[in-house]
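A closer look at the structure
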Amino acid sequence: MRAVTWQGKRDVRVETVPDPGIQEPTDAVVRITSSGLCGSDLHLYEVLTPFMTPGDILGHEPIGVVEEVGAGVPDLQAGDRVVVPFQIACGNCWMCLTGLPTQCETTQVTGEGMGAALFGYTRLYGAVPGAQAEYLRVPQAQYGPIKIPDGPADDRFVYLSDVLPTAWQAVRYAEVPEGGSVAVLGLGPIGDMACRVARVTGAERVFGVDLVPERLRRARERGVETFDLRSFDDEKELVAAIRDRTDGRGPDAVIDAVGTEAHGSAAARLAQQASALLPRKLGAPLAERFSVDRLAALYTAIDLVRRGGTISLSGVYGGMADPIPLLTLFDKQIQIRMGQANVRRWTDDILPYLTDEDPLGVDDFATHRVPLSEAPHAYEMFQQKQDGAVKVLMKP
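Being a predicted model, the structure only gives us computed values, none of them experimental.

**Topic: the UniProt feature "domain: Alcohol dehydrogenase-like N-terminal" (unreviewed entry) in the protein**
The feature "domain: Alcohol dehydrogenase-like N-terminal" (unreviewed entry), as annotated in UniProt, sits at residues 25-146 in this numbering. Between the first and last C-alpha atoms of residues 25-146 the distance is 18 Å; the span itself is 9% helix and 23% strand.

Next up, the structure:
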């Protein structure tokens, strides 16, 4: 089959690799019909390269059709249309039953000290072959795949794999009070969708911050009060502008949908680049023990949120030596919630919104649809924020 493989920093290629097959009774094989390009994939493209191996298959946002199932998968059969969550979880362990499939005790990558295995996401999460491919082997298929109806285009349901539950969890973790306010930092796919979720679930005021015109325009068109970073001399001016619209207090909650590759963090960027340029045997230990994040977005969130408010982190962070302003967090009595989205915990809540009325705007959420063969260009375009790219779907 053809698949998108990682070969080095900013080097992805479409190559022929062996077809996947059933290895365990709880496996399924899915023929992919669409697969998303995620902002998290860009971390592999540049920042997390010490944890990658040439030939790793990328991608974790698939929708497709079941081709084959193992004997331990009673509720799926060939021909079923499914969305596959980005995390691999059993559904039966204590963590899964508690609503935390990202911490699944069956698939935890204990050798790396990490949580549940993820598709296409470094050796830290199991080095499981990913979904930017023609076919995908799905472990724990007795729980993971979400059956969806035939008929609507892939765009209607594909975001159940990651974008929708990640945005949904970001808003739920933010604990925006009914009629309250929330600021979303970063209007890429997750931030954009988090704004939409916040609006349809009761937030009265939603503020969106970015510096990419296309992203700001998309959010504005859906009723978000937008702030262009380029219009402010520094972060203090931005914070003051949003506080002016919230009685001087700041919003009830802030969602950081940027993560480790924030603008305005030059020193941390240099440290990340240095680690990525080292040989993997040297770069990986350095990154594991002494890695730092670009924390500009998180610092802004801490400054911006009102006293007693909540910060919800959905942007990926990976630093082990980050300087965190605990004095400010303690003094402002800020709550912080974070983590990978627990996909199956939220899908039943989200599905009622995936109707023909399309209140979340999923049907036209993608800005680009490209064949799998154009993956290298898609990665470059998405990272460089070219051609108005906000969400890219690949078609094998």
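**Quick look at the sheet that holds strand S13 (residues 310-313)**
Taken together, six strands build an open sheet; the order of strands is S11-S10-S9-S12-S13-S14 and the sheet is parallel. Only two strands of the sheet have a single partner each, and these edge strands are strand S11 (225-228) and strand S14 (335-338). With direction set aside, neighbouring strand axes in the sheet form an average angle of 20°.

**Considerations on helix H4 (residues 189-200)**
Taking 1.5 Å as the rise per residue, H4 with twelve residues should run 16 Å; its terminal C-alpha atoms sit 17 Å apart, in good agreement. Burial runs high along H4: ten of the twelve residues are buried. Turning to H4, its buried residues are Pro 189, Ile 190, Gly 191, Asp 192, Met 193, Ala 194, Cys 195, Arg 196, Val 197 and Ala 198. If you follow the buried residues of H4, they end up packed against helix H3 (163-174), strand S9 (181-185), strand S10 (205-210), helix H5 (213-221), strand S12 (253-256) and helix H12 (375-383). Backbone geometry just after H4 places Gly 202 at a positive phi near 115°.

**Looking at the packing of H3 against H4**
At a minimum axis separation of 8 Å, H3 and H4 run at an interaxial angle of 60°. When the interaxial angle is binned, H3 and H4 end up oblique. Handedness of the H3/H4 crossing: right-handed. Along its contact with H3, which presents Val 163, Leu 164, Thr 166, Ala 167, Trp 168 and Val 171, the element H4 presents Pro 189, Ile 190, Met 193, Ala 194, Val 197 and Ala 198. Taken together, the residues of the contact of H3 with H4 sort by class into eleven nonpolar, one polar and no charged.

**Some words on the packing of aromatic side chains**
A complete count under the given rule lists six aromatic pairs for this structure. Both rings, one in Tyr 159 and one in Phe 365, keep their centres 5.2 Å apart while their planes meet at 75°; by these two values the pair is edge-to-face. Placement of Tyr 159 in the loop between strand S8 (146-147) and H3 and of Phe 365 in the loop between helix H11 (343-350) and strand S15 (368-371) is noted, with a sequence separation of 206 residues between them. Grouped by ring-pair contacts, the aromatic residues Phe 207, Phe 227 and Phe 232 constitute a single cluster. One cation-aromatic arrangement involves Arg 218 over Phe 365; the distance from NZ or CZ to the ring centre is 5.1 Å. Above the plane of the ring of Tyr 173 lies Arg 337, whose end atom (NZ or CZ) is 3.8 Å from the centre.

**Some points on the environment of Glu 112**
Among the secondary structure elements, Glu 112 is positioned in the loop between helix H2 (94-97) and strand S7 (135-138). For the pair Glu 112 and Ala 219, spaced 107 residues apart in sequence, the C-alpha separation works out to 38 Å.

**Overview of the pairing of S15**
Side chains His 368 and Val 370 of S15 all project onto a buried face; the interleaved residues Arg 369 and Pro 371 project onto a face where none is buried. As judged from the four bridges shared by S15 and strand S16 (residues 392-395), these two strands associate in the parallel manner. Bridging across to S16, Pro 371 finds its partner in Lys 395. In this view, the connection linking S15 to its parallel neighbour S16 by way of H12 has right-handed handedness.

**Considering unusual backbone geometry**
Despite not being glycine, Gln 140 has its phi angle at roughly 55°, a positive value. Structurally, Gln 140 can be placed in the loop between S7 and S8. Phi angles above zero are rare outside glycine, and Asp 247 is one such case at about 55°. On the secondary structure map, Asp 247 appears in the loop between helix H6 (235-244) and S12. The exposure class assigned to Asp 247 is exposed, which follows from its relative accessible area of 67%.

**Digging into H5**
Of all the residues in H5, the buried ones are Arg 215, Leu 216, Arg 218 and Ala 219. Taken end-on, H5 shows its buried residues confined to a sector of 160°, consistent with a single buried face. Elements that come into contact with the buried residues of H5 comprise H4, S10, S11 and H12. A positive backbone phi angle near 85° is found at Gly 223, which sits one or two residues after H5.

**Considerations on the pattern of salt bridges**
All chains considered together, the criterion is met by 22 salt bridges. Of the charged contacts in the structure, one is a salt bridge between Arg 249 and Asp 247, with a shortest N-O distance of 3.6 Å. Owing to a relative accessible area of 54%, Arg 249 belongs among the exposed residues under this scheme. With a shortest N-O distance of 2.7 Å, Asp 252 and Arg 306 are connected by a salt bridge. In this pair, Asp 252 sits in the loop between H6 and S12 while Arg 306 sits in the loop between helix H9 (296-304) and S13, placing the two residues 54 residues apart along the sequence. A residue is classified by how much of its surface remains accessible, and Arg 306, at 23% relative accessible area, is partly exposed. Here the salt bridges share partners, and the residues they tie into one network are Arg 81, Asp 154 and Lys 395.

**Side note on the side chain of Gln 132**
Mapping Gln 132 onto the fold places it in the loop between H2 and S7. Of the polar contacts made by the side chain of Gln 132, one reaches the backbone oxygen of Gly 36; its length is 3.2 Å. In this structure the side chain of Gln 132 is engaged in a polar contact, spanning 2.8 Å, whose partner is the side chain of Tyr 379. Those residues within four positions of Gln 132 in sequence are excluded, and the remaining contacts are Ala 3, Val 4, Ser 35, Gly 36, Leu 37, Asp 41, Ile 57, Leu 58, Gly 59, Leu 372, Tyr 379 and Met 394.

So, how was this worked out
- Residues numbered from 1 in each chain as written.
- Predicted model: local features only at pLDDT ≥ 70, side-chain atom pairs only at ≥ 80, totals over all residues.
- Heavy atoms only, no water.
- UniProt positions renumbered as here; feature names shortened; annotations may be inferred.
- Helix = DSSP H or I, 4+ residues; strand = E, 2+ residues; numbered from the N terminus.
- Pairing = 2+ DSSP bridges.
- Axes fitted to C-alpha atoms, helices over the stretch in contact; angles between N-to-C directions.
- Expected span 1.5 Å × (residues − 1).
- Buried < 20%, exposed > 50% of the residue type's maximum accessible area, 1.4 Å probe, protein only.
- Contact = heavy atoms within 4.5 Å.
- Parallel < 35°, antiparallel > 145°, perpendicular 65-115°, else oblique.
- Left-handed = near helix turned anticlockwise from the far one by under 90°.
- Nonpolar A, V, L, I, M, F, W, Y, C, P; charged D, E, K, R; others polar.
- Phe/Tyr/Trp six-rings, centres within 6.5 Å; stacked < 30°, edge-to-face > 60°.
- Lys NZ or Arg CZ within 6 Å of the ring centre and 35° of its normal.
- Right-handed = clockwise from strand over helix to strand, strands pointing away.
- Arc of directions from axis to C-beta.
- Salt bridge = Lys/Arg side-chain N within 4 Å of Asp/Glu carboxyl O.
- Polar contact = N/O pair within 3.5 Å; in protein donor to acceptor, adjacent residues only side chain to side chain.

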